[in-house]
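Structural overview
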2 protein chains.
Amino acid sequence: MSVRASRHATLLEVAREADASKTSVSRYFGGERERLSPALRQRIGEAARRLGYRPNQIARGLKGGRSRLLGMLVADIRNPYSIAVMHGVEQACREHGYSLLVANTDNDPAQERTHLALLASYRVEGLVVNVAGSPTRELQDMADQGLPLVLLDRWLAEVEADVVGLDNPLAIDMAVDHLRRQGYRNLLFLSEPLGQASPRQQRWQRFEQRLADEPTLYGERRAPPLGGEAVEDVVRDFLARTGRSAALLCANGNVTLAATRALQALGVPLGEVGLLGIDELDWCGLVPPGISTLAQPTEAIGRAAVQHLLARLDDATQPPRRTLYPARLNARGSTRLEGLNDNKEWQ
Amino acid sequence: MSVRASRHATLLEVAREADASKTSVSRYFGGERERLSPALRQRIGEAARRLGYRPNQIARGLKGGRSRLLGMLVADIRNPYSIAVMHGVEQACREHGYSLLVANTDNDPAQERTHLALLASYRVEGLVVNVAGSPTRELQDMADQGLPLVLLDRWLAEVEADVVGLDNPLAIDMAVDHLRRQGYRNLLFLSEPLGQASPRQQRWQRFEQRLADEPTLYGERRAPPLGGEAVEDVVRDFLARTGRSAALLCANGNVTLAATRALQALGVPLGEVGLLGIDELDWCGLVPPGISTLAQPTEAIGRAAVQHLLARLDDATQPPRRTLYPARLNARGSTRLEGLNDNKEWQ
DNA sequence: TTGTATGCGTTATCAG
DNA sequence: CTGATAACGCATACAA
């Protein structure tokens, strides 16, 4: 017994109620009220109010090809980074009169393909993509069809699209420089398994390069699975071999979480063993003596993504642009070797 | 020089390419392939593939009134609770062939009204609403028009809609019982300012009732602003007057964060002063000796919301339902008075 | 099994 | 300034 209801007033009904033509009503709501005589304008306004009329965006989209929808494909919606960026995207959308259709792939390439098709079927006018796998063909097809695309954080070399994200080499430089300045000489770079994710690869490689450039710096790189004991084992082993003045550099928020757990399990005080993470998290100031981080300007990244989309919507012939932001250092107790307990202010 | 492109193949083009009629192509994609002869079926399949055809959901929605879109209005998208619920909503949507249109109000009643109108204009078939203010009229109007509605977490007495959320009185009972069992006798209930939010009011009131019911229990309620020093002042004052066996009960995740900061600033070890928060957060296991929480079954709540929507979509005449879930207790060190340091396993 | 004709709510193109 | 009328891409009675 399906009772599909949701009766909405239509343009035609308003026109009848106001004793006007569809065209005039369309003009009224299409931002051309100036072209209507004051009398007509008022009649339409009142009729619409009486009927509770709201233009049907679906119908609008069909006619003009303008859905007023932007799409965002997120690899992991539970990642605080994604959320923060999404907040920026959403704000920028609103400011420009667009709505946001969000799809989450949970890092599953199959779902990624499905959702990409889905977003396309809703005729989104632009797409912010945080790829999970390598949907190169699908994305290139969409780009070829003229759909503005911006790759967020992770990029695919084969796809011609704008890229917005963090300046990863610079971030690694900032991290290494900070740790050295603080007196740490043995660095362990911890990453999630690299896979296809370009930021992980970039950070991983840059760290290697720094090692090669500076003989006085000792370092190792590891990418253990985050579940289970692997991280703890890796850290224990590293500390056993290098002794004092060792520090951990965590390639992202998830790693920072795992590394913090590992250090706590090992009973090692933060700071005595350095800990610096890429990505700022709510709780980094709360775990004594505070965890140092490199924060990404997530809000700005999200807004930039939308701006790129709009620019390309305005002129599809632009060459692909790449906008990279520097990270911001939040130095806290976890990268302070000395005077560990002389200060309660971890924030 | 606007270069609006995005040429998509249409049903008609596929029909021509396959030398078939629009109807047949429509059937092919409308899930009636069985009704087509194998030959036709294959011709259409190939033609569609060649042209890269994808059905236009916009057009589909216009014709059948089925946009296949569900809407979700979130009060604060940066709140981990909202995200977790949203994840559940999104999954359930996908499983049932719907997409999710998300709107964030940033707790601004004005934006709330705007976004409600917006979602309506996209003809979402159902709406999950986490209200910020009291858009009673708007919501009731939408409900009257036959739009399935479910209120998430916060509810409005005046609106006839399904409600999905936490069993708040039960949660407070669990919290109080746990704290007493652990030996805490002086309880401070900390909330954000109550405002219109029904969960805050329910928790606040239930705590009062427990106080009234049990003369041997001492307690106070406070709702200081979360920014600045207010929380710290309130806590310091309470501890000064009650001395030992005092515990803080935090009404939500934000309060837990603020209370943790306050206790750290005051130099009070967690556990010695109890701390129990409603809402589970990533870092609760990381702050020594672990912060006890009452976790909400966020995933289930999100899925339930969608199920309610679908049920009502199927039969609009159902009376409003209310589905409340019990919280789950994560007991950690922050509610352990004795043997504070005998165990490193905080998780 | 297949095709024809009509309409969904809106905007755009023309005339008046 | 105002109004007919034709698309937009698709689904669906209805007909063959």
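Residues numbered from 1 in each chain as written. Chains lettered and ligands numbered in written order. Predicted model: local features only at pLDDT ≥ 70, side-chain atom pairs only at ≥ 80, totals over all residues. Heavy atoms only, no water.

Remarks on the protein's contact with DNA strand C
- For DNA strand C, the set of nearby residues contains 23 residues, the closest of which are A:Leu11, A:Tyr53, A:Arg60, B:Thr23 and B:Ser37.
- Put simply, 54% of the atoms of DNA strand C that lie within 4 Å of the protein are in sugar or phosphate.
- Measuring from a phosphate oxygen of DNA strand C, one finds a backbone N or O atom of A:Asn56 at 2.9 Å.
- Elements supplying a minimum of two residues to the surface near DNA strand C: α2 (22-29) and α4 (57-64) of chain A together with α2 (22-29) and α4 (57-64) of chain B.
- Among the elements that line the surface near DNA strand C, the one with the most residues is α2(A), at 4 residues.
- Residue composition of the surface near DNA strand C, grouped by class: 7 nonpolar, 8 polar and 8 charged. (Near = heavy atom within 4 Å. Polar contact = N/O pair within 3.5 Å; in protein donor to acceptor, adjacent residues only side chain to side chain. Helix = DSSP H or I, 4+ residues; strand = E, 2+ residues; numbered from the N terminus. Nonpolar A, V, L, I, M, F, W, Y, C, P; charged D, E, K, R; others polar.)

Observations regarding the protein's contact with DNA strand D
- Contacts to DNA strand D come from 23 residues, most closely from A:Thr23, A:Ser37, B:Leu11, B:Tyr53 and B:Arg60.
- Taken together, the sugar and phosphate atoms account for 52% of what DNA strand D places within 4 Å of the protein.
- At 3.4 Å, a side-chain N or O of B:Thr23 approaches a base oxygen of DNA strand D.
- In the model, a phosphate oxygen of DNA strand D is placed 3.1 Å from a nitrogen or oxygen of the B:Asn56 main chain.
- Looking at side-chain class alone, the surface near DNA strand D contains 7 nonpolar, 8 polar and 8 charged residues.

Structural notes on the relation of the copies chain A and chain B
- Rotating chain A by 180° about the axis while translating it 0.1 Å along that axis superimposes it on chain B, leaving an RMSD of 0.2 Å. What the rotation and shift describe, once combined, is the action of a two-fold rotation axis.
- Interface overlap between copies is the fraction of interface residues in one copy that are interface residues in the other; for chain A against chain B it reaches 99%, indicating a shared surface. (Least-squares fit on C-alpha atoms with pLDDT ≥ 70 in both. Contact = heavy atoms within 4.5 Å.)

Here we look at the pairing of strand β3 (residues 126-129) of chain B
All names here are of chain B.
- The alternating pattern of β3 places Gly 126 and Val 128 and Leu 127 and Val 129 on opposite faces, both of which are buried.
- As paired strands, strand β1 (residues 69-74) and β3 are joined by 4 bridges and run parallel to one another. Each bridged residue has a counterpart across the sheet, and for Leu 70 the counterpart in β3 is Gly 126.
- The pairing of β3 with strand β4 (residues 149-152) spans 3 bridges and is parallel. Each bridged residue has a counterpart across the sheet, and for Leu 127 the counterpart in β4 is Leu 149.
- Handedness of the crossover is the feature at issue here: the chain leaves β3, passes through helix α7 (residues 136-144), returns alongside β4, and the resulting connection is right-handed. (Buried < 20%, exposed > 50% of the residue type's maximum accessible area, 1.4 Å probe, protein only. Pairing = 2+ DSSP bridges. Right-handed = clockwise from strand over helix to strand, strands pointing away.)

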